[in-house]
Amino acid sequence: MHWLRKLFAKQPQDDRDASQSNAYDIIGGDEVIRLIAHDFYQQMQTRPETQALLAIHRAPIADSEQKLYEFLSGWLGGPQLYQQKYGHPALRARHMPFSIDESMRDQWLICMRAAIINSIKKPEHQQVIIQAISTLADNMRNR
Ligand code: HEM
C-alpha cells in the first residue's frame, strides 16, 4: 500500500525532493505523461461518441494537448509546468466558458480512461489515477 499513500502526497511547489517517490515517478515520468495527453486527444478525435466534446474545442488540438500535458505533470507530482507558464490552474474557473454537463464529463472520461490504460503499465496504478481524475472531472460540471 505504500505507493498508494504516496501517490498523491503533496509536493513542494518549486523544488521537488528527488528522493521521494510520487505518482509522477512511479508511472514513468515525463514520457508517460506526454503519452497520456497525446492519446487522450487521439481518442477524442477518433471516437464517434466524443465528437460533441471535440467540437467545443477552439484552440488547435496540439495546443490543448500541450496544456493538458503541462497540467498533468504538476498534478501528478512532477514539474509544475502549467503553473510556471500560466499561474494557478484554477481549472474550474477556466472551464466556465464551456457548458459541461454529465454527457460532456462522460465523454472527457471515456478519452482519459482509455489514454491512462494505454499509457500506464500497471492496472493498480491505472485505477488509482482514474479514480482521482474522475473526481476532478466531476468537479468541472457547471450545468
Ligand atoms: C469534465 C469535463 C471536461 C471538459 C468537457 C473539458 C473541456 C475543455 C475544453 C473545451 C478546453 C478548452 C480547449 C480549447 O479551447 O482548445 C479545456 C481546457 C483545459 N482542460 Fe479541460 N475539460 C474537462 C475536464 C478537465 C479535467 C478533469 C482536467 C484536468 C485533469 C482538464 C484540463 C484542462 C486544461 C489544463 C485545459 C487548458 C486550460 C487553459 O489554460 O486554457 N480538463 N477543457
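Just so you know, these numbers come straight off a predicted model, no measurement behind them. (Residues numbered from 1 in each chain as written. Predicted model: local features only at pLDDT ≥ 70, side-chain atom pairs only at ≥ 80, totals over all residues. Heavy atoms only, no water.)

S.K.: Even after reading the chapter, I still don't get the coordination of the iron atom of the ligand, so can you show me in this structure?
M.R.: Reference values for coordination geometry: four tetrahedral donors around a metal ideally subtend 109.5 degrees, six octahedral donors ideally subtend 90 or 180 degrees. Protein coordination of the iron atom of the ligand rests on one atom only, His 95 (NE2), at 2.0 Å. With respect to the element layout, His 95 can be found in the loop between helix H7 (91–94) and helix H8 (102–119). (Donors = N, O, S within 2.8 Å, 3.2 Å for Na, K, Ca; no water. Helix = DSSP H or I, 4+ residues; strand = E, 2+ residues; numbered from the N terminus.)

S.K.: I keep staring at the environment of Pro 79 and nothing clicks. Help me out?
M.R.: Examined against the element boundaries, Pro 79 turns out to sit in the loop between helix H5 (61–75) and helix H6 (81–86). Separated by 50 residues in the primary sequence, Pro 79 and Gly 29 have C-alpha atoms spaced 9.7 Å apart.

S.K.: How do you make sense of unusual backbone geometry when you look at a structure like this?
M.R.: Trans is the common state for peptide bonds, and a negative phi is the common state for residues other than glycine. Of note, Ala 90 is a non-glycine position whose phi angle comes to about 40 degrees, a positive value. Looking at the secondary structure, you find Ala 90 in the loop between H6 and H7.

S.K.: I keep staring at the pattern of salt bridges and nothing clicks. Help me out?
M.R.: Close approach of charged atoms allows side chains with opposite charge to pair. Following the criterion strictly, the structure yields 6 salt bridges and no others. A salt bridge links Arg 34 to Asp 30; the nearest nitrogen and oxygen atoms lie 2.9 Å apart. Taken as a pair, Arg 34 and Asp 30 lie in helix H3 (residues 29–46) at a separation of 4 residues, close to a single helical turn. The partly exposed category is assigned to Arg 34, whose relative accessible area is 42%. The network of salt bridges with common partners includes Arg 105, Asp 106, Asp 138 and Arg 141. (Salt bridge = Lys/Arg side-chain N within 4 Å of Asp/Glu carboxyl O. Buried < 20%, exposed > 50% of the residue type's maximum accessible area, 1.4 Å probe, protein only.)

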